[in-house]
2 protein chains.
Amino acid sequence: MSTKDSSRRHRVVVIGSGFGGLFATQRLKRAAVDVTLIARTTHHLFQPLLYQVATGILSEGEIAPSTREVLARQRNARVLLGEVTRIDVKARTVTHEYVGRETVTPYDSLVVAAGAGQSYFGNDQFARHAPGMKSIDDALELRGRIFGSFELAELASTPAEIERLMTFVVVGAGPTGVEMAGQIAELAHRTLSRDFRRIDPRDARIILLDAAPQILGSFGEKLGGRARRRLERMGVEVRLGAKVVDVDLTGIDIEHTDGTRERIESVCKVWAAGVSASPLAAHLAEQTGAGLDRAGRVEVLPDLTLPDHPEIFVVGDMMALDSLPGVAQVAIQGGRYAADQIVRRLAGEAPQRSFRYVDKGSMATISRFSAVASIGKARFSGFFAWLLWLGIHLLYIIGFKHRITTLLHWAISFVGRGRAERVVTQQQVFARTAIEDLGDRFRPELPRVPGDRADEQSQPPPD
Amino acid sequence: MSTKDSSRRHRVVVIGSGFGGLFATQRLKRAAVDVTLIARTTHHLFQPLLYQVATGILSEGEIAPSTREVLARQRNARVLLGEVTRIDVKARTVTHEYVGRETVTPYDSLVVAAGAGQSYFGNDQFARHAPGMKSIDDALELRGRIFGSFELAELASTPAEIERLMTFVVVGAGPTGVEMAGQIAELAHRTLSRDFRRIDPRDARIILLDAAPQILGSFGEKLGGRARRRLERMGVEVRLGAKVVDVDLTGIDIEHTDGTRERIESVCKVWAAGVSASPLAAHLAEQTGAGLDRAGRVEVLPDLTLPDHPEIFVVGDMMALDSLPGVAQVAIQGGRYAADQIVRRLAGEAPQRSFRYVDKGSMATISRFSAVASIGKARFSGFFAWLLWLGIHLLYIIGFKHRITTLLHWAISFVGRGRAERVVTQQQVFARTAIEDLGDRFRPELPRVPGDRADEQSQPPPD
């Protein structure tokens, strides 16, 4: 890369292709800077719709446009694939790695938007049995587990086994958890209702757990209550004040507020509770003396920079400021603000006033035709809120083509009962292991290694 | 299952959810029989379009509708997920397995349509470095390798490395190989042309290899010649009379007809040469004394049954009869014929005359707007042939919804230059290993085991 580094233009390095990183990069389109976007995946993930990939409504491509494609026409921006392993704030370099290749990229200004991942509150061993909902891989993994559970139930022999396979537990009653629970319910009660012969998918139990006393806390009691009643009408069991104490292959153990414990037998569990910021947050705090909050987010100054490092901006889910929520809008506005600050400095203009977040409201779908929305002081629920959700999400999905096919796939699942994207690949290794040795009857399988896969690939598939 | 087995209705077991198995099952819709379709995947794969998934045009769901969904309304049919491990022709039972669970299903009539897989002509070790094109997993694997090669080239430091990463070799110049080569060329020359900064994807070399003296042999010299000229105009290097003698991580060794050898440095190789029938073919031959041909296909009687086993039909790619080709139409017509025979017997009617294949012609796309088609004595090429291809494939894609979204994705890639489905998941383990330790510079990575994946999942992703 060294050839490029000798360039006289101001070098901006952006870490992350999520909302913060992508919108910061796009905001710099007309600036006299060279932007290098370093991301771990080739796509920009439209996270709010991840649950629709997990439940077979949308394809990966529809919520994850190629970052290169989005930025193809922005000549001052380049995309490098890689995972950031080190940021040297003194030398002003970012070290990143892709399949073992290490690259060092220097910067004059740095925008760190590496986001946050799932948090298991110190119980990382839960992850294997209850995947999170943070990446395309998570979503495909869960798709494999959800559909796979019904397939296995169709083959199961004992009622206990069938029940365990047809009980779905979603941990965490925030927007993601509510949306997952609602979609699994629609999948079981509508989409799959006619697909099986021995089992009736409508018998499936969908349980939504949260330690809090209400669901959708951030939406206030009124909307939370409405959402809860709507979910219950759909057949979702909402269990509040329920703290998860253990998760294993075949079930989950919870503790109620009165201290009593309960075991729920369930093969397919989804973890939608808690996030923790990218380790890069701690990595930066360590070097700059900035503080970290409980979620591991780095505390930034009012202009989103770090102490004594006006050239380093931290935005989005890994930034801690005025306890702003980890939502797309905070990341988008933060990314744009950082880009504007960089431009102003280069132009020698006075810096903008402190970052001010404009809350455009928040919404969550509960089922087709039903959502809750909180915009300013206004509260909406039901069909109108759902229309709001539909319109706003369509607008935000990046790329015209995706908007159209997405609209069609939605028509299929909202108007019809179908799901266009039900494919489960053999590559859901994780899903396989999760249902592999239920009880003695199931033969444990060795983890697959590339060698095995090669051998396997060269064997003719029976179908 | 034993409850069901006591049923008095004639029990038909169909193995495989490909063209042969699915069409046989659907043909039995109104028959007074119980049909059990046993398949290894949850989807029916529309194999002729697999290359479009591999090159990012279509999503998995668009070419692989859920078999259950397709058969949901056929009340006399049930679908069981599993891999057939044994067929006992004396006891008339099929033993199948799903994630370790073994199930034994008895039959009165059996339709075996387990298809064929890639053949490496005894060099199965090639598979790891040159995946085939037989399953959704293969296609996603290749998608990961194709796009991943460009990503790595953008980071590579030496010209030799960049060239090796931007050289794509397709082995086998049948329809699949021709279509892959054509699509990789369009991807490099059109889709990605503006997406990179250090490399120019238009410099990519696409090499199509075959040991035969012409491409698309089954289409005759004239069409083969036209297809070849068209490919060459698109920048595809067609190398004929080239026999593959070795394949490794970083290249492929070929032997020319004159005995001279050549090494082609290439990271991304595609294997589209040769098929071998499902091992179930040999398994059946062994028990019934039927013969096997070179491709491991079992020789059937003129009515598609096995010697002394009128209750066992073998159809599609794993059946050998009058050297019929392994194409969708042979499987579809064979499956329907078998279903009709079963119905006639139950009705006590005289059996149909021997199976007669009606050749509806064959076609291959070379690029958008260009194809070759051979229908009866007629030969078409160019735009008209492409329109034929478009119409016929749209008709065959099962499920209205898929037809519409597919048409849109096609519009995107044919009219525009985009690709709606470019997502590569971390689950392309295989793709990762393929580009992992190129030269010393690359650190070898341990094969992933579920445990690792769990740990990894619990770490926040940088983007």
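Residues numbered from 1 in each chain as written. Chains lettered and ligands numbered in written order. Predicted model: local features only at pLDDT ≥ 70, side-chain atom pairs only at ≥ 80, totals over all residues. Heavy atoms only, no water.

An unreviewed UniProt entry lists chain A under the name NADH:ubiquinone reductase (non-electrogenic), with Intrasporangium calvum given as the organism. Listed in UniProt under the heading Sequence similarities (unreviewed entry), the comment for chain A reads: "Belongs to the NADH dehydrogenase family." Quoted verbatim from the Catalytic activity (unreviewed entry) field of the UniProt record, the comment on chain A reads "a quinone + NADH + H(+) = a quinol + NAD(+)". (UniProt positions renumbered as here; feature names shortened; annotations may be inferred.)

**Q** Quick question: what am I supposed to make of the overall build of chain A here?
**A** The helix and strand inventory of chain A stands at 16 helices and 23 strands. The buried share of chain A, reckoned over its 463 residues, is 62%. A fraction of 62% describes how many contacts in chain A between residues 6 or more apart in sequence connect residues 24 or more apart. Carbon and sulfur atoms form 52% of the exposed surface of chain A, whose accessible area is close to 16,900 Å². (Helix = DSSP H or I, 4+ residues; strand = E, 2+ residues; numbered from the N terminus. Buried < 20%, exposed > 50% of the residue type's maximum accessible area, 1.4 Å probe, protein only. Contact = heavy atoms within 4.5 Å. Areas by Shrake-Rupley, 256 points an atom, 1.4 Å probe, with all protein chains shown as cover.)

**Q** What should I look at first to understand the pattern of salt bridges in this one?
**A** Any two side chains of opposite charge can pair, so long as their charged atoms come close to each other. Inspection of the entire model under this criterion finds 44 salt bridges over all chains. The partner of Asp340 of chain B in a salt bridge is Arg27 of chain B, with the nearest N and O atoms 2.9 Å apart. Here Asp340 of chain B is found in helix α12 (residues 328-346), whereas its partner Arg27 of chain B is found in helix α2 (residues 19-27), with 313 residues between them in sequence. The network of salt bridges with shared partners includes Glu163, Arg205, Glu237, Arg239 and Glu262 of chain A. (Salt bridge = Lys/Arg side-chain N within 4 Å of Asp/Glu carboxyl O.)

**Q** Would you take a moment to explain the environment of Val327 of chain A for this structure?
**A** Relative to the assigned elements, Val327 of chain A resides in the loop between β20 (319-320) and α12 (328-346). Each residue touching Val327 of chain A, except ones within four places of it in the same chain, is listed here: Asp317 and Tyr357 of chain A.

**Q** What am I meant to see in the sheet that holds strand β1 (residues 10-15) of chain B here?
**A** Backbone-to-backbone hydrogen bonds join strands into a sheet, with any given pair of strands oriented parallel or antiparallel. Across the sheet, which stays open at both edges, the six strands sit in the order β3-β2-β1-β7-β19-β18 (chain B) with mixed pairing between neighbours. The sheet is open, and its two borders are formed by β3 (77-81) and β18 (305-306) of chain B, each paired with just one other strand. (Pairing = 2+ DSSP bridges.)

**Q** I'm lost on the packing of helix α2 (residues 19-27) of chain A against α12 of chain A in this one. Help?
**A** Pairs of packed helices are described in terms of their axes, by the angle between the two and the distance that separates them. Residues and elements named next belong to chain A. One way to put it is that α2 packs onto α12 with a least axis distance of 7 Å and a crossing angle of 35°. Classified by chirality, the crossing of α12 by α2 is right-handed. Where α2 approaches α12, its residues Phe19, Gly20, Phe23, Ala24 and Arg27 are matched on the opposing element by Ala328, Ala331, Ile332, Gly335, Arg336, Ala339 and Asp340. A per-class count over the contact of α2 with α12 returns seven nonpolar, two polar and three charged. (Axes fitted to C-alpha atoms, helices over the stretch in contact; angles between N-to-C directions. Left-handed = near helix turned anticlockwise from the far one by under 90°. Nonpolar A, V, L, I, M, F, W, Y, C, P; charged D, E, K, R; others polar.)

**Q** For this particular structure, what's the right way to read the packing of aromatic side chains?
**A** Two aromatic rings, taken as a pair, are described by how far apart their centres are and by the angle between their planes. All names here are of chain A. Applying the stated criterion across every chain, the model contains 26 aromatic pairs over all chains. With a centroid separation of 6.1 Å and an interplanar angle of 35°, the aromatic rings of Phe150 and Phe196 are classed as tilted. Of this pair, Phe150 sits in helix α7 (residues 136-155) while Phe196 sits in the loop between α9 (175-191) and β10 (205-209), and the two are 46 residues apart along the sequence. With respect to burial, Phe150 and Phe196 carry one shared label: buried. On the numbers, 5.1 Å between centres and 80° between planes, the contact of Phe369 with Trp386 is edge-to-face. With a gap of 17 residues between them, Phe369 in the loop between β21 (362-367) and β22 (370-375) and Trp386 in helix α13 (residues 383-396) connect regions that are remote in the sequence. Classification of Trp386 as buried rests on a relative accessible area of 5%. (Phe/Tyr/Trp six-rings, centres within 6.5 Å; stacked < 30°, edge-to-face > 60°.)

**Q** Help me understand unusual backbone geometry, please; the structure alone is not making it clear to me.
**A** What is expected of a backbone is that most residues other than glycine have negative phi and most peptide bonds are trans. All names here are of chain A. Positive phi, normally seen in glycine, also occurs at Arg92, with a value near 55°. Although it is not a glycine, Leu304 adopts a positive phi angle of roughly 70°. Note on placement: Leu304 falls in the loop between β17 (298-299) and β18 (305-306). For Leu304, a relative accessible area of 0% puts it in the buried group.

**Q** Can you help me understand the packing of α7 of chain A against α9 of chain A in this one?
**A** Residue and element names in this part refer to chain A. For the pair α7 and α9, interaxial distance at closest approach is 12 Å and the crossing angle is 35°. By crossing handedness, the relation of α7 to α9 is classed as right-handed. Together, Ile146, Phe147 and Phe150 of α7 and Met180, Ile184, Leu187 and Ala188 of α9 make up the contact between the two elements.

**Q** Which parts of the structure should I look at to understand the UniProt feature "domain: FAD/NAD(P)-binding" (unreviewed entry) in chain A?
**A** Those residues carrying the UniProt feature "domain: FAD/NAD(P)-binding" (unreviewed entry) are residues 11-335 of chain A in this numbering. Measuring from the first to the last C-alpha atom of residues 11-335 of chain A gives 16 Å, for a span that is 32% helix and 29% strand.

**Q** Explain the sheet that holds strand β22 (residues 370-375) of chain B here, please?
**A** All names here are of chain B. Reading across the sheet, the three strands line up as β21-β22-β23 and stay open at both edges, with antiparallel pairing between neighbours. A single partner strand is all that each edge strand has here, and the edge strands are β21 (362-367) and β23 (378-382). In this sheet, adjacent strand axes meet at a mean angle of 5° when their direction is disregarded. Contacts between helix α10 (residues 220-233) and the sheet are confined to β21, β22 and β23, with β22 contributing the most and set at about 175° to the helix.

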